[in-house]
Amino acid sequence: MIENGPGEIAINFSKQYTASWMCLSLLGALACSSGDTWASEVGSVASKRQPRLITTWEKVPIGTNGGVTFVGLVASILGGTVVGLAYLLTQFMFVEDLGLSPPQWPIVLYGAVAGFLGSILDSYLGATMQYSGFDEDSGMVINHITPNAKHISGKPILDNNAVNLFSTILIALLLPGITWPMWPRKLTI
């Protein structure tokens with residue numbers, strides 16, 4: 001299955017348990033990445049308010065790792081929703097026996113959930129394990145320790161790529177477990 005993938009199948013835990021798990025892991029990883037990107041890019045530009053650090057809720061400068069805004073969190077939900085919609089539309093176009101499977105609409109909902117949770121997890125990891133400081137010379141937020149930097153948050157354990165990798169992997173592992181008990185089942189007679 002790893003070499004060929006599950007193919008174009010509907011998510012159906014009753015008949016295709018492992019393939020459904022892998023499909024939802026993929027959805028979780030992509031929605032997490034999209035949600036975090038939308039939160040960072042849209043939230044930092046569109047928000048009228050200063051971000052707050054997710055761990056202490058103190059106001060922090062724009063660009064601080066772990067800084068969140070309401071607009072950014074809404075954008076993370078929208079980013080995950082777009083991935084879920086794209087996945088659902090792909091199923092409508094390519095899955096032949098979709099009518100014989102359980103309803104697939106929850107893909108969109110769980111895409112939104114993965115986008116939101118991924119953004120939250122990424123922000124938490126960024127606030128605790130990724131250094132953020134304010135460089136007095138340049139007047140900018142920086143991600144590495146310098147003599148003229150005032151510490152804002154985090155420890156210099158991970159860089160941004162590692163934070164993104166860990167949050168994506170964790171959401172990819174968690175999303176199928178979250179969805180499995182609540183996924184609609186098709187009754188067979």
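Higher on the page you've got the structure.
Undergrad: Break down helix H4 (residues 160-179) for me, citing the residues and quoting the values.
TA: An ideal rise of 1.5 Å per residue puts 28 Å on 20 residues; H4 measures up with 28 Å between its terminal C-alpha atoms. Within H4, the full set of buried residues consists of Ala-162, Val-163, Ser-167, Thr-168, Ile-171, Ala-172, Leu-175, Pro-176 and Thr-179. Against the buried residues of H4 lie helix H1 (17-46) and helix H3 (106-129).

Undergrad: Any details on the side chain of Gln-91? Residues and values, ideally.
TA: Positionally, Gln-91 belongs in helix H2 (residues 70-94). With sequence-adjacent residues up to four places away left out, Gln-91 is seen in contact with Ile-9, Ala-10, Ile-11, Leu-98, Gln-104 and Ile-107.

Undergrad: Please provide a residue-by-residue account of H2, values included.
TA: Relative to the 36 Å expected for 25 residues at 1.5 Å per residue, H2 spans 37 Å between its end C-alpha atoms, a close match to the ideal helical length. Taken together, the buried positions of H2 are Gly-72, Leu-73, Ala-75, Ser-76, Gly-79, Gly-80, Thr-81, Val-83, Gly-84, Tyr-87, Leu-88 and Gln-91. Buried residues along H2 sit against H1 and H3.

Undergrad: Describe in detail the layout of surface pockets, supporting the description with residues and values.
TA: The calculated volume of the largest pocket comes to roughly 540 Å³. When contributions to the lining of the largest pocket are tallied by element, the ones reaching two or more residues are H1, strand S2 (67-68), H2, H3 and H4. The biggest single contributor to the lining of the largest pocket is H1, with nine residues.

Undergrad: For the sheet that holds strand S5 (residues 149-153), give the residues involved together with the corresponding values.
TA: The strand order across the open sheet formed by three strands is S4-S3-S5, and the pairing between neighbours is antiparallel. A strand with exactly one partner marks an edge of an open sheet, and here the two such strands are strand S4 (140-142) and S5. Across this sheet, the average inter-strand angle for adjacent strands is 35°, counted without regard to direction. Pairing analysis gives four bridges linking strand S3 (residues 132-135) to S5, with the strands arranged antiparallel. Note on S5: the bridge partner recorded for Ser-132 is Ser-153.

Undergrad: Which residues make up the packing of aromatic side chains, and what are the values?
TA: Under the defined criterion, the tally for this structure stands at five aromatic pairs. For the ring pair Phe-13 and Trp-183, a centre distance of 6.5 Å and an interplane angle of 75° mean the geometry is edge-to-face. Separated by 170 residues along the polypeptide, Phe-13 in the segment before H1 and Trp-183 in the segment after H4 bring together distant segments of the chain. As far as the burial class goes, Phe-13 and Trp-183 line up, both buried.

Reading the values: the criteria
Residues numbered from 1 in each chain as written. Predicted model: local features only at pLDDT ≥ 70, side-chain atom pairs only at ≥ 80, totals over all residues. Heavy atoms only, no water. Helix = DSSP H or I, 4+ residues; strand = E, 2+ residues; numbered from the N terminus. Expected span 1.5 Å × (residues − 1). Buried < 20%, exposed > 50% of the residue type's maximum accessible area, 1.4 Å probe, protein only. Contact = heavy atoms within 4.5 Å. 1 Å grid on protein atoms, 1.4 Å probe; cavity = no way out; pocket = protein on both sides within 12 Å on 5 of 7 lines; lining within 4 Å. Points joined across faces, edges and corners; volume = space filled by probe spheres on them. Pairing = 2+ DSSP bridges. Axes fitted to C-alpha atoms, helices over the stretch in contact; angles between N-to-C directions. Phe/Tyr/Trp six-rings, centres within 6.5 Å; stacked < 30°, edge-to-face > 60°.

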